[in-house]
Amino acid sequence: MNKLILGRYFPGDSLLHRIDPRAKLLAGISFIFILFIANNWITYLVLWLFTFTMMKLSGVSIRIYLRGVRPLIWLILFTVSLQVLFTAGGKIYIDWGPITISSFGLINGMYIFSRFTMIIFVSTVVTLTTKPIDLTDAINYLLQPLKRLKLPVDEISLMLSIALRFIPIILDETQKVMDAQRARGTVFGEGSLPQQIKKIVPIFVPLFVSSLIRAEDMANAMEVRGYQSNNPRSSFRRLHWQKTDIAALIAMVLLAVTLFILRTEGHHFH
Amino acid sequence: MSIPCIKAENVTFHYNLKKREHTITDFSFTAQRGEWLAVVGHNGSGKSTLASLLVGLRMPSTGRIYINGMELKEETKWKLRSQIGLVFQNPENQFIGTTVKDDVAFALENQNMPYDEMKQRVDRALAMVGMTGYADYDPSRLSGGQKQRVAIAGLLALHPAIIVLDEAMVMLDPKSRQDFMTLLDELRKQHQLTIISITHDMNEAAAADRILVLKKGKVIETGKPAQIFQREEREDVPFIEALRRKLKEQGSTIPDKYMTEDEMVWWLCR
Amino acid sequence: MQINLQQVTADYQAGPIRSPEILKSISTTVKSGSFTAVVGKTGSGKSSLLKLMNGLLIPVKGSVSVGDITITSENAKQSVKEVRQKVGMVFQFPESQLFAETVEKDIMFGPMNFGVPEAEAKEIALEVIERVGLEASLLSKSPFSLSGGQKRYVAMAGILAMRPDILVLDEPGAGLDPKGKKEVMDLLHAWHKERGLTILLVTHDMDDVALYADEVIVMDSGRIVFQDEPERLFADVEAIHQWGLDLPQARKLQIRIEQEANVTLSQICLTRDQLAAALIEAGLA
Ligand SMILES: Nc1ncnc2c1ncn2[C@@H]1O[C@H](COP(=O)(O)OP(=O)(O)OP(=O)(O)O)[C@@H](O)[C@H]1O
Ligand SMILES: Nc1ncnc2c1ncn2[C@@H]1O[C@H](COP(=O)(O)OP(=O)(O)OP(=O)(O)O)[C@@H](O)[C@H]1O
Ligand SMILES: [Mg+2]
Ligand SMILES: [Mg+2]
């Protein structure tokens, strides 16, 4: 779980960090749709170029992105091999009844592979460069129109942000309790399965207690620092729509247009 | 004489309602505007409990506390919160924001302060404590001293009239601690700040206007540093007094009265 | 038992995301049976250095040896377990060290982890709680309902109960009242002398450095910039200020007196007793 980087924030001050979370979220979502425009090698090349540029711009090392894909690699390879094995057409290299390895299959496999990894990379770019709390603000904003459909948008995003605030706290507390026990001789992740489970148990009770205490401390701190639930509050986190944000969205439109131009008419590989 | 800034009258308090053992017993004192008051006492003598009573986090079982003439009660505590700021003994208990700058802004947001003023105050407070470069860090991933600095910044940004520091500087290096003492003293002179500083550092206490000595939840003594430290029964004394006693013990003719550093140097060089 | 660091580089990890380098190619030896103080500015890497010696921080490059055990990034899993039996660590924030429902259970956790039977662990708990100067009545309380200083004592008791060969303490005096602090430091010093315990502690109190340490390490921006006897450190006033440190109070006062009275005392005084003696000897007091 600790290995997953999708959904983590990487503090920094790159161009991408500074783009409004709403713009980033919109751009990220539109990228997924734009992916489906691509259908030949040149369009995929353009997309890869785009993806790499974004990864570079984020200021986070490519190694980290690669490590981020690693936990999902088996899932990707599995899907890709299904594609390869069950797509017919073009030159046939191996033919075992329903299972064939054909040129179309291989090409299709490559495309699927690209699509998967690019989605992961681009969404990682978005989450790495956006604070979770900003992302909730953005989601809240973008969902506003749904209020007309009587959806409880504010409540949903409030729940989301409380959850987001508490996940790191619980992780922190877990880390603390584990470190405290490590310092007194417990070794985690060793021994047989029952032994390992036996070591996990002494974490839970303290974790529960300390999370409760932590919640109480936090409530106290909020109170002392003047927080009252139904009073009006201003916000230091600002969603600031700037020129760069518009530029970002225009870039997405341009990307889509380019792909439309470079796309092969007629052929569809899926 | 004008109304005292803080006035506590016969306050008692106990954590455990079942046991009749009081954590704070018949506690009275006053503090004038612009005064620096040091609170000293052994571990577990009730200093932090006193701090939580002063900011209205806990309510006295009996007795009253007045802040600028207004009684601190459930109904009035919210109004008084913006005038009084507390730095907790453990800075970790104080953090609410997910980044350093969000955290410093928290109390300001609660006052519904306009963004531009908040931004200015946050930047200034961070500069004062030397943490500008860490504005986007997660407060839980800082060193001990850095955490204490951020906690102090949160207080400075608020511009309260009264500040209560619960051992807020113990994890700072000697130079930073000196710098902070000077900074606070300047602010006090400029803005007539009242400072209540809980400390175990007798040299720091010796620099205060007045000292409050706590023992088992009771004020056993209050007075100017000279009065408090001169008494022979008192074991915890500042360095200069300890040296004076040592000299006396070794047969020196040094006067039998508390001296400041200047006085001692003057006497030695006479 | 000796500690040896070779070219150690370390950072903090949150999943695959790494912080910038916190410790930069550190090499040092902490001699067996020494009492070493670690000093330096806020954020200079003192706590991180201590965590290395207890395996709570694993070197990215280089190696940490404790006695005959060596921790490197490759063999961390196995070696860390052995190291923790030998090195007891008291954290900077005592709150983060306590977890059990009662003080007694918290102290018993370590010994029982190493196979001490329950009845014996109870006796140990009672013994150490008194050694650190707390009342035995606290044993049945929840560690979370204690005052800041009381938590610090309990955290120390929990580590002392494990009877480690090496003790690393991160600002053990922070939050203790002067009397309690002196008792704790004297206790550590006594154990260091009697049992040959190797002690490494972070402190901001230069008087403690002068009084107790036989060696001092100065950290600055993730590097060790000085390691020698305290007397040597305090001889270099300029460097001291540059590293955010200070002189012991006795020495500071000595310098002032020497300037204003235009005399030179017979020796460099780092402690109160030395200064008192020198002043009397010089006929000033
Ligand atoms: N939450 C709590 N529940 C029950 N008892 C408590 C609680 N907090 C503190 N106490 C007890 O109240 C007494 C006073 O504690 P307090 O924290 O005020 O001491 P303190 O003077 O701040 O000490 P220190 O210098 O160690 O911080 C102590 O005996 C402590 O055990
Ligand atoms: N968990 C963490 N994750 C990322 N960075 C950290 C973490 N803990 C500390 N740091 C950073 O590492 C550097 C060194 O921290 P460390 O805690 O070792 O300093 P220190 O010398 O003990 O300081 P202090 O005297 O303030 O406790 C600091 O710049 C700090 O911001
Ligand atoms: Mg306290
Ligand atoms: Mg530290």
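It should be emphasised that the depicted structure is a prediction, and the values quoted were computed from it without experimental measurement.

The rules we used
- Residues numbered from 1 in each chain as written.
- Chains lettered and ligands numbered in written order.
- Predicted model: local features only at pLDDT ≥ 70, side-chain atom pairs only at ≥ 80, totals over all residues.
- Heavy atoms only, no water.
- Near = heavy atom within 4 Å.
- Polar contact = N/O pair within 3.5 Å; in protein donor to acceptor, adjacent residues only side chain to side chain.
- Helix = DSSP H or I, 4+ residues; strand = E, 2+ residues; numbered from the N terminus.
- Nonpolar A, V, L, I, M, F, W, Y, C, P; charged D, E, K, R; others polar.
- Phe/Tyr/Trp six-rings, centres within 6.5 Å; stacked < 30°, edge-to-face > 60°.
- Buried < 20%, exposed > 50% of the residue type's maximum accessible area, 1.4 Å probe, protein only.
- Lys NZ or Arg CZ within 6 Å of the ring centre and 35° of its normal.
- Contact = heavy atoms within 4.5 Å.
- Buried area = accessible area lost by both parts, 1.4 Å probe.
- Salt bridge = Lys/Arg side-chain N within 4 Å of Asp/Glu carboxyl O.

Visitor: Sorry, what's going on with the site of ligand 1 here?
Guide: Close to ligand 1 lie 20 residues; Lys47(B), Ser48(B), Thr49(B), Ser147(C) and Gly149(C) are nearest. Around ligand 1 the close residues trace back to chains B and C. Separating an oxygen atom of ligand 1 from a backbone N or O atom of Gly44(B) is a distance of 2.8 Å. Interatomic distance of 3.2 Å between a backbone N/O atom of Ser145(C) and a nitrogen atom of ligand 1. Listed by contribution, the elements that provide at least two residues to the shell around ligand 1 are α1 (47–54) of chain B together with α5 (148–160) of chain C. Of the residues belonging to the shell around ligand 1, the class tally is two nonpolar, 15 polar and three charged.

Visitor: Help me understand the packing of aromatic side chains in this model?
Guide: Aromatic ring pairs are reported here in terms of the distance separating the ring centres and the angle at which the planes meet. The final tally for this structure, using the stated rule, is 14 aromatic pairs over all chains. Each ring, one from Phe229(B) and one from Tyr258(B), has its centre 5.9 Å from the other, and the planes form 25°; the classification is stacked. Linking Phe229(B) in helix α8 (residues 225–230) with Tyr258(B) in the loop between α9 (239–249) and α10 (261–268), this pair joins segments that are 29 residues apart in sequence. Summarising the burial analysis for this pair, Phe229(B) and Tyr258(B) share the class buried. An aromatic cluster of at least three residues, connected via ring pairs, comprises Trp48(A), Phe52(A), Tyr65(A) and Phe121(A). The ring of Tyr141(A) carries Arg22(A) above its face, with NZ or CZ at 4.3 Å from the centroid. The ring centre of Trp191(C) lies 4.0 Å from the NZ or CZ of Arg195(C), which sits over that ring.

Visitor: Would you mind going over the interface of chain B and chain C with me for this structure?
Guide: It is common to give the size of an interface as the accessible area that goes away when the parts come together. Taken together, the 45 residues of chain B in the interface contact 43 residues of chain C. Overall, the association of chain B and chain C removes approximately 3,600 Å² of surface from exposure, summing both partners, and the carbon and sulfur fraction of that is 62%. The largest per-residue losses of area from chain B upon contact with chain C belong to Asn43(B), Met171(B) and Phe239(B), which jointly make up 18% of the total buried on that side. Across the salt bridge formed by Arg256(C) and Glu261(B), the nearest N and O atoms sit 2.9 Å from each other. At the boundary of chain B with chain C, the tally comes to 12 residue pairs in polar contact (both at pLDDT 80 or more). Mapped by element, the contributors of at least two residues to the side of chain B that touches chain C are α5 (144–158), α6 (174–191), α7 (202–206), α9 and α10 of chain B. Along the lines of polarity and charge, the residues of the side of chain B that touches chain C split into 16 nonpolar, 15 polar and 14 charged.

Scope: geometric values only; no functional claims are made or implied.
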